[in-house]
Amino acid sequence: KTVILNQGLLDHVGAKNGVVSTGNSLDMVKEDEHYIKLHKATCKDMEGAAVAYICDQLGVPMFALKSVTDIVDGEHPTPEEFLKNLGTAAKCLQEALPKVLSYISQNSFEA
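Not measured: the values here are computed from a predicted model.

Chemist: Any chance you could break down the overall build of the protein chain for me, citing the residues and the numbers?
Modeler: Counting its regular elements, the protein chain contains four helices and two strands. Mapped from its N terminus to its C terminus, the protein chain presents α and β elements in the order α-β-α-β-α-α. By residue count, 22% of the 111 residues in the protein chain fall in the buried class.

Below, the structure written as structure tokens:
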């Protein structure tokens, strides 16, 4: 299911809207690759996709603010790439979160 998040919030934060896929492995396996391509997903997120699914089933709005730490099909092993990018990813989230809170405190917010 594709939901377009509030464009004003995306613009305020400097974020992108995208389709998230899920899987049960850090590595790219054939089944995950199939679903990523089928749904034109931009990233694979094991935790957020599960929460989004349950929220959708219960009719509860949600959004996730995520930062990518590793490129599944990149040239470096996943654990190595994760550790290399963790600091940058954390810094990006640290900068984005106050912008999100500022926006939703000053605007009528709908997912």
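Chemist: Explain a nonpolar patch on the surface residue by residue, including any values.
Modeler: A surface patch of nonpolar side chains, about 430 Å² in accessible area, is lined by Y53, I54, L58 and V60. Considering the arrangement of structural elements, one finds I54 in helix α3 (residues 46-58).

Chemist: Can you tell me about helix α4 (residues 78-106), naming the residues and giving the values?
Modeler: Here α4 spans 39 Å end to end across 29 residues, near enough to the 42 Å set by a 1.5 Å rise per residue. Considering bend angle alone, the principal kink of α4 is centred on N85 and spans about 45 degrees. Of the residues making up α4, those classed as buried are T78, E81, A89, A96, V100 and Y103. Elements that come into contact with the buried residues of α4 comprise α1 (7-13).

Chemist: How would you explain α3 if you had to name every residue and give the values?
Modeler: Helix length check: α3 (13 residues) gives 19 Å between terminal C-alpha atoms against 18 Å at 1.5 Å per residue, within 8%. For α3, the full list of buried residues reads G48, A49 and C55. On an axial view of α3, the arc spanned by its buried residues comes to 125 degrees, and they lie on one face. Of the exposed residues in α3, the ones pointing more than 90 degrees away from its buried face are E47, Y53, Q57 and L58. For α3, the capping residue at the N-terminal end is D45, with a side-chain oxygen 3.4 Å from the backbone nitrogen of E47.

Chemist: Tell me about the environment of E47, and please be specific about residues and values.
Modeler: Relative to the helices and strands, E47 resides in helix α3. Measuring from C-alpha to C-alpha, the distance between E47 and G23 comes to 9.2 Å, with 24 residues separating the pair along the chain.

Chemist: Could you give an account of the environment of A64, naming the residues involved and the relevant values?
Modeler: With respect to the secondary-structure elements, A64 resides in the loop between α3 and α4. Under the relative-accessibility criterion, A64 is labelled partly exposed at 44%. In this structure the C-alpha to C-alpha distance between A64 and A52, which are twelve residues apart in sequence, comes to 8.4 Å.

Chemist: Which residues make up the side chain of K44, and what values do they have?
Modeler: Positionally, K44 belongs in strand β2 (residues 43-44). Note on K44: relative accessible area 17%, which makes it buried. Polar contacts involving the side chain of K44 include one to the side chain of D32, which spans 2.6 Å. What K44 contacts, discounting residues up to four positions off in sequence, is S21, T22, G23, S25, L26, D27, D32 and I36.

How each quantity is defined
- Residues numbered from 1 in each chain as written.
- Predicted model: local features only at pLDDT ≥ 70, side-chain atom pairs only at ≥ 80, totals over all residues.
- Heavy atoms only, no water.
- Helix = DSSP H or I, 4+ residues; strand = E, 2+ residues; numbered from the N terminus.
- Buried < 20%, exposed > 50% of the residue type's maximum accessible area, 1.4 Å probe, protein only.
- Patch = residues over 30% accessible without salt bridge, like charges linked within 9 Å, V, L, I, M, F, W, Y side chains within 5 Å.
- Areas by Shrake-Rupley, 256 points an atom, 1.4 Å probe, with all protein chains shown as cover.
- Salt bridge = Lys/Arg side-chain N within 4 Å of Asp/Glu carboxyl O.
- Expected span 1.5 Å × (residues − 1).
- Bend = angle between axes of the 7 residues up to and from the residue.
- Contact = heavy atoms within 4.5 Å.
- Arc of directions from axis to C-beta.
- Polar contact = N/O pair within 3.5 Å; in protein donor to acceptor, adjacent residues only side chain to side chain.

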